[in-house]
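Residue-level structural notes
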Amino acid sequence: MRIGELARRTGVSERSLRYYEQQGLLLAQRTQGGHREYPETAVDRVVHIQELFAAGLHSRTIHKILPCMRDSDGGPNRTATPLLVQELTAERDRIDRMITDLLRSREVLDEVIAGASGKSAAA
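Since the structure is predicted, the reported quantities are computational estimates derived from the model, not experimental observations.

**Some remarks on the overall build of the chain**
When its secondary structure is counted, the chain shows five helices and two strands. When the helices and strands of the chain are listed from N to C terminus, the series reads α-α-β-β-α-α-α. Classification of the 123 residues of the chain by burial places 24% in the buried group. Partitioning the intrachain contacts of the chain with sequence separation of at least 6 by distance along the chain shows that 41% fall at a separation of at least 24.

Written as structure tokens, this is what we have:
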């Protein structure tokens, strides 16, 4: 499929898809006319890339993770190294800390909103 179709099917801009390709996250074949051609599996790959970016990971980390994600048949991929597992555990711990901080921030906002509106924070 061409880049426009991949963008439409994934909801990701063509610019982002070109960036993913520059970062080595997404591969495309080139037609004789120079157009990008993506396999059907690119749709799932772009979805994975988006999920990992949404988790706050950098493209360098995503580049290491993608080959280790579940195979298309749903089975575990066996290319994860102990070092990668350690790095991913650190990333998960960072995300956990962010969640804790966000929950604390929400509690503070709830108190301010309650105070400003004259309601209790539990409401």
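**Considerations on the side chain of Glu21**
As for its position among the elements, Glu21 is in helix H2 (residues 14-22). When neighbours within four sequence positions are excluded, Glu21 is seen to be in contact with Leu26, Ala28, Arg30, Arg36 and Tyr38.

**A few points about the confidence of the model for the chain**
On average, residues of the chain carry a pLDDT of 86, and 88% of them reach 70 or more. By mean pLDDT, helix H4 (residues 59-65) is the weakest element of the chain at 87, and helix H1 (residues 3-10) is the strongest at 96.

**Description of the environment of His63**
Examined against the element boundaries, His63 turns out to sit in helix H4. His63 sits 14 residues away from Ile49 along the chain, and the two C-alpha atoms are 9.1 Å apart. When sequence neighbours within four positions are dropped, the list of residues in contact with His63 reads Gln23, Gly24 and Leu25.

**Regarding helix H5 (residues 82-117)**
Relative to the 52 Å expected for 36 residues at 1.5 Å per residue, H5 spans 52 Å between its end C-alpha atoms, a close match to the ideal helical length. Turning to H5, the residues buried within the fold contact H4. The first or second residue beyond H5 is Gly118, which carries a positive phi of 80°.

**Quick word on the nonpolar core**
Counting 22 residues, the largest nonpolar core has Leu6, Leu17, Tyr20, Leu26, Tyr38 and Val46 as the members making the most contacts within it. Contributions of two or more residues to this core are made by H1, H2, helix H3 (42-54) and H4. By residue number, the principal contributor to this core is H3, which donates five residues.

What counts and what doesn't
Per chain, the residues get numbers from 1 upward, laid out in the order the sequence is written. Under the rules for a predicted model, residues below a pLDDT of 70 receive no local features and side-chain atom pairs below 80 are neither given nor counted, while totals for whole chains, interfaces and linings still include all residues. Hydrogens and water are ignored here; the side-chain numbers use all heavy atoms of the structure. Runs of E in the DSSP output that reach at least two residues are strands. Runs of H or I that reach at least four are helices, and both are numbered from the N terminus. Using a 1.4 Å probe on the protein chains alone, a residue whose accessible area is under 20% of its type maximum counts as buried, one over 50% counts as exposed, and one in between counts as partly exposed. Only heavy atoms matter for contacts: two residues are in contact if any of them lie within 4.5 Å across the pair. Values of pLDDT, the confidence the predictor places in each residue, fall between 0 and 100. Helix span, expected: 1.5 Å multiplied by one less than the number of residues in the helix. Joining through side-chain atoms within 4.5 Å is the link that ties buried Ala, Val, Leu, Ile, Met, Phe, Trp, Tyr and Cys residues into a set, and such a set is a nonpolar core.

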